[in-house]
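# Tertiary structure, described
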Amino acid sequence: MASNYAGLLADKLEQDGERQQARQLRERLARAPVALVSAQDAGHGVSLPRSLDIELVLPSAIQGRLNEFLQCVRHYDELARAGAAVPSRLLIYGPPGTGKTQTARWLAAQLELPLLTVRCDTLVSSLL
């Protein structure tokens, strides 16, 4: 979907006379599938994050919310049968360096799930 929007943006840039920016965007789009394939291939050889490798120091309210989220994910089927299921997603936000990715790693380790992080700036030009 991002590739489609970026292609539309390139078309719009070209129509507005910004041919160099449109060309740069299209060049970046041409390289994006290679980056996606290599990221997907790399995932096959990557081990799951281990909770022993990750230490979080969080305020009790945030720790409680994360534990609640983990319980909801772990017991999703039972909650769904009871009509009380919540979405299995969590929005983590904040300025750089505050532990968002580390928290995501910790959550993935707790759930024994792989974690794939994607830097959107490597997939789509900064022109966006």
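Here we summarise the structure given alongside this text. (Residues numbered from 1 in each chain as written. Predicted model: local features only at pLDDT ≥ 70, side-chain atom pairs only at ≥ 80, totals over all residues. Heavy atoms only, no water.)

### A few points about the overall build of the protein
Rule in force here: To qualify as a helix, a DSSP run of H or I must reach at least 4 residues; to qualify as a strand, a run of E must reach at least 2; elements of each kind are numbered from the N terminus. Whether a residue is buried, partly exposed or exposed follows from its accessible area with a 1.4 Å probe, protein chains only, as a fraction of its type maximum: under 20%, in between, or over 50%, in that order. Residue contacts are counted whenever heavy atoms from the two residues lie within 4.5 Å of one another. Each accessible area is a Shrake-Rupley estimate made with a 1.4 Å probe; only the visible protein chains count as cover when residues are assessed.
On a plain count of helices and strands, the protein comes out with 6 helices and 0 strands. Starting at the N terminus and ending at the C terminus, the protein contains elements arranged as α-α-α-α-α-α. The buried share of the protein, reckoned over its 128 residues, is 16%. A separation threshold of at least 6 residues defines the contact pool for the protein, and within that pool the share at least 24 residues apart is 57%. As displayed, the protein has an accessible area near 9600 Å², and 55% of this comes from carbon and sulfur atoms.

### Thoughts on the side chain of T103
Tracing the chain through its elements places T103 in helix α5 (residues 100-111). Residues contacting T103, with those up to four places away along its chain left out, are L56, L66 and I92.

### Re helix α3 (residues 60-74)
Basically, it comes down to this: What a helix should span is 1.5 Å times the count of its residues minus one. As used here, the arc is the angular range of directions from the helix axis to the C-beta atoms.
Here α3 is 15 residues long and its end C-alpha atoms lie 21 Å apart, about the 21 Å a rise of 1.5 Å per residue gives. Buried within α3 are the following residues: L66, F69, L70 and C72. Burial along α3 is one-sided: seen end-on, the buried residues are contained in an arc of 165°. Residues of α3 that are exposed and point over 90 degrees away from its buried face: S60 and A61. Buried residues along α3 sit in contact with α4 (76-81) and α5.

### Side note on the pattern of salt bridges
We apply this condition: The working definition used for a salt bridge is a side-chain nitrogen of Lys or Arg within 4 Å of a carboxyl oxygen of Asp or Glu.
Per the stated rule, a full pass over the model turns up 5 salt bridges. Note that E27 and R23 form a salt bridge whose closest N and O atoms lie 2.8 Å from each other. With E27 and R23 both in helix α2 (residues 19-44) and 4 residues apart, the pair spans about one turn of that helix. Since its relative accessible area comes to 41%, R23 is described here as partly exposed.

### Things to note about unusual backbone geometry
In this structure, E112 takes a positive phi of about 55° despite not being glycine. Residue position: E112 is located in the loop between α5 and α6 (120-123).

### A look at the packing of α3 against α5
The description of two helices packed together rests on the angle between their axes and the distance between the axes. Where we set the bar: All axes are obtained by fitting lines to C-alpha atoms, using only the stretch in contact for helices, and the reported angles, taken between N-to-C directions, cover 0 to 180 degrees. Note: crossing handedness is left-handed where the near helix turns anticlockwise from the far helix by less than a right angle, and right-handed where it turns clockwise. Note on residue categories: nonpolar means Ala, Val, Leu, Ile, Met, Phe, Trp, Tyr, Cys or Pro, charged means Asp, Glu, Lys or Arg, and polar means any other residue, Gly included.
Running from amino to carboxyl end, α3 crosses α5 at an angle of 40°, the nearest separation of the two axes being 11 Å. Crossing of α3 over α5 shows right-handed handedness. Every residue of α5 that contacts α3 at Q63, L66, N67, F69, L70, V73 and R74 is listed here: T103, W106, L107, Q110 and L111. Residue classes in the contact of α3 with α5 are distributed as 7 nonpolar, 4 polar and 1 charged.

### Describing the environment of T117
Turning to its location among the elements, T117 is positioned in the loop between α5 and α6. The exposure class assigned to T117 is exposed, which follows from its relative accessible area of 51%. Spatially, the C-alpha atoms of T117 and R105 are 9.5 Å apart, while their sequence positions differ by 12 residues.

The values reported here are purely geometric and, on their own, carry no functional implication.
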